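Read off the chains here:
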Amino acid sequence: MRKTYAILPALMLLALPLVGNPASWATLTVAGLAMGMMTFIMASGLTLIFGLMGVLTFAHGAFVTFGAFVAASLLTPDLAMLPLALLAAMAAAAVLGALFERVIVKPVYGQHTKQILITMGAMVVAEQLIIVVWGADQRMVELPPLLKGSFLVGDATFERFRLLVVAIGLALYAALHLALNRTRLGLLVRAGVEHPEMVEALGYRIKLVFIAIFALGSALAALGGGLWALYRGQLTASLGAERMIDIFIVVIVGGLGSLGGCFIAALLAALLFNYTSYFAPSLASLSEVILLIVVLLWRPRGLMG
Amino acid sequence: MLELKGAHTHIGPYHILQGVDLTAEEGRITMLLGRNGAGKTTTLRTIMGLWRPSAGSVRFAGREIGGLATAEIARAGIAYVPEEMAVFSQLTVEENLRLAARSGPIDRQRLDWVFHLFPALETFWKKPSGLLSGGQKQMLAIARAAIEPKRLVIVDEPTKGLAPSMILHVIEAFRQLKQAGATVLMVEQNFHCAKSLGDQVAVMDQGRVAHRGSMADFAADQALQSRLLGLSLDSHQ
């Protein structure tokens with residue numbers, strides 16, 4: 001498993017001579033890491049929900065969009081509002097996620113075809129509801145002034161917001177990893193995936209755990225959506241649907257249900273995209289698909305599946 | 001301690017339990033025997049709330065538990081060892097037992113007792129339980145039920161598929177559990193094991209309890225054994 005993590009530094013080192021200029025390489029790498037972290041944050045919720053509960057939800061993108069709109073609605077130029085806006089988006093998405101699990105997903109547990117159909121339908125309905133509430137027009141999203149701009153280290157340029165995103169992604173990955181492996185809740189979740197009846201027979205209410213996971217997954221999607229909207233500087237109701245392809249690729253490449261795999265896959269895909277954009281721009285848009293094919297030929301269950 | 005009166009259970013269109021009357025007395029081991037398909041496992045699952053009884057009563061320690069959620073029944077003091085063991089293979093042996101110790105950290109004395117009974121669990125303490133052999137998984141499943149004091153332990157075929165040396169370990173484990181004051185209700189196809197552990201016996205046939213009494217009397221009555229257990233007895237003796 002640790003060897004799989006080594007793919008990331010290996011790719012970075014391999015790219016250095018190909019890019020040639022160390023300053024450009026550093027800029028590309030940090031930008032790739034930031035993009036990858038945002039995809040990881042959005043995809044981590046989906047991989048948790050699928051891996052732990054066996055639910056394939058296409059409506060995940062709706063929570064990405066919803067989170068982005070809630071955060072964007074609350075943002076002000078004051079930097080202190082940024083964490084509050086993101087936390088509010090996460091909280092609102094968590095509540096909606098829990099309701100979604102009870103009302104939409106609960107009746108179709110264990111029925112994958114119905115899950116796909118009903119969650120795709122929910123995605124379409126959610127997108128229209130978002131248009132009703134926030135409108136169909138593109139909306140501009142401004143970063144707080146203190147996070148705008150970049151700074152130089154030698155000849156390398158680093159955008160402030162991207163560094164913040166990398167820090168948030170790393171902290172989140174560490175927190176999720178610890179929560180899953182070092183807490184009783186994490187044990188319950190891992191045990192509940194395998195033998196939910198047995199977990200109940202030990203005296204735990206597994207249904208509450210599953211609702212909590214759905215709420216957490218939705219909150220993470222909302223956080224990722226909020227950060228993505230800030231990164232792009234604009235937002236439409238189709239944001240989540242557009243991100244779903246990348247999110248699914250990352251979840252599959254990482255290995256369904258593997259948080260570590262999702263983390264590596266997200267960073268790998270984004271770094272590969274950035275490096276390819278630099279030395280072979282015409283191939284950049286294909287880089288994720290090529291990554292998907294190569295990984296599935298090498299490891300059909302994904303990097304850590 | 002535990003009393004089922006006229007318990008019925010339907011699973012889909014099938015009427016599996018058809019009025020089960022059964023008692024497990026405090027501090028004793030009650031063996032639940034019967035041919036395949038007689039309803040033994042369904043009885044245990046009905047007690048645990050994994051199947052809802054459609055009629056009748058399931059009382060435990062003076063309280064009606066029929067229809068309660070499984071988690072609530074477990075919290076009332078009932079431990080369950082299912083036939084398929086259901087150890088959490090992604091979790092280590094330690095994590096399996098930590099999860100079973102619901103009320104807090106694992107009691108050291110209790111753990112030493114478990115290690116004394118099942119030394120393999122200490123050897124593989126930090127290993128994923130998916131790597132254990134079938135017998136070791138059964139040890140873990142029993143240890144999980146015994147890691148905290150429980151008022152009633154219900155066990156479904158704990159010796160199934162085990163090597164003879166392992167069966168002796170299992171018998172010893174339940175003997176010690178009984179000495180510690182636990183009440184046990186056990187489904188068992190191995191009549192030698194049932195005979196050596198059981199105080200009481202209930203024999204099921206076609207979704208009902210066809211015979212109840214002391215194990216000593218039942219073990220002495222070969223005609224009754226033959227009538228109630230038939231071929232299933234011959235094949236396991």
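For the structure itself, look to the data block above.
This is a predicted model, so every value here is computed, not measured.

This next bit is on the overall build of chain B. A count of helices and strands for chain B gives 10 helices and 10 strands. Relative to the compact-globule value of 18 Å for 237 residues, chain B shows a C-alpha radius of gyration of 17 Å, a close match. For chain B, the spread of C-alpha atoms along the principal axes amounts to about 45 × 40 × 30 Å. The buried share among the 237 residues of chain B stands at 45%. Across chain B, every contact between residues at least 6 apart in sequence was considered, and the portion connecting residues at least 24 apart equals 69%.

Here we come to the sheet that holds strand E5 (residues 63–64) of chain B. Residue and element names in this part refer to chain B. Spatially, E2-E1-E4-E5 is the arrangement adopted by the four strands of the open sheet, whose pairing is antiparallel. If you trace the sheet from one side to the other, it starts and ends with strand E2 (14–24) and E5, each paired once. As paired elements, strand E1 (residues 2–11) and strand E4 (residues 55–60) share five bridges and run antiparallel to each other. Paired with lysine 5 across the bridge in E4 is serine 57. Sheet contacts for helix H1 (residues 40–47): E1, E2 and E4; angle to E2, the most-contacted strand, approximately 70 degrees.

Our next topic: the interface of chain B and chain A. At the junction of the two partners, chain B supplies 18 residues and chain A supplies 14 residues. For the side of chain B that touches chain A, a count of residues per class yields 11 nonpolar, three polar and four charged.

Here the focus is the pairing of strand E3 (residues 156–159) of chain A. All names here are of chain A. With four bridges connecting them, strand E2 (residues 150–153) and E3 associate as antiparallel partners. Of the residues in E3, the one forming a bridge with leucine 152 is threonine 157. From the end of E2 to the start of E3, which pair antiparallel, there are two residues, and glycine 154 there has a positive phi angle of about 65 degrees.

Cut-offs and rules
- Residues numbered from 1 in each chain as written.
- Chains lettered and ligands numbered in written order.
- Predicted model: local features only at pLDDT ≥ 70, side-chain atom pairs only at ≥ 80, totals over all residues.
- Helix = DSSP H or I, 4+ residues; strand = E, 2+ residues; numbered from the N terminus.
- Rg over C-alpha atoms; globule rule 2.2 N^0.38 Å.
- Buried ≥ 20, exposed ≤ 12 C-beta atoms within 10 Å, placed from the backbone.
- Contact = placed C-beta atoms within 7 Å.
- Pairing = 2+ DSSP bridges.
- Axes fitted to C-alpha atoms, helices over the stretch in contact; angles between N-to-C directions.
- Nonpolar A, V, L, I, M, F, W, Y, C, P; charged D, E, K, R; others polar.

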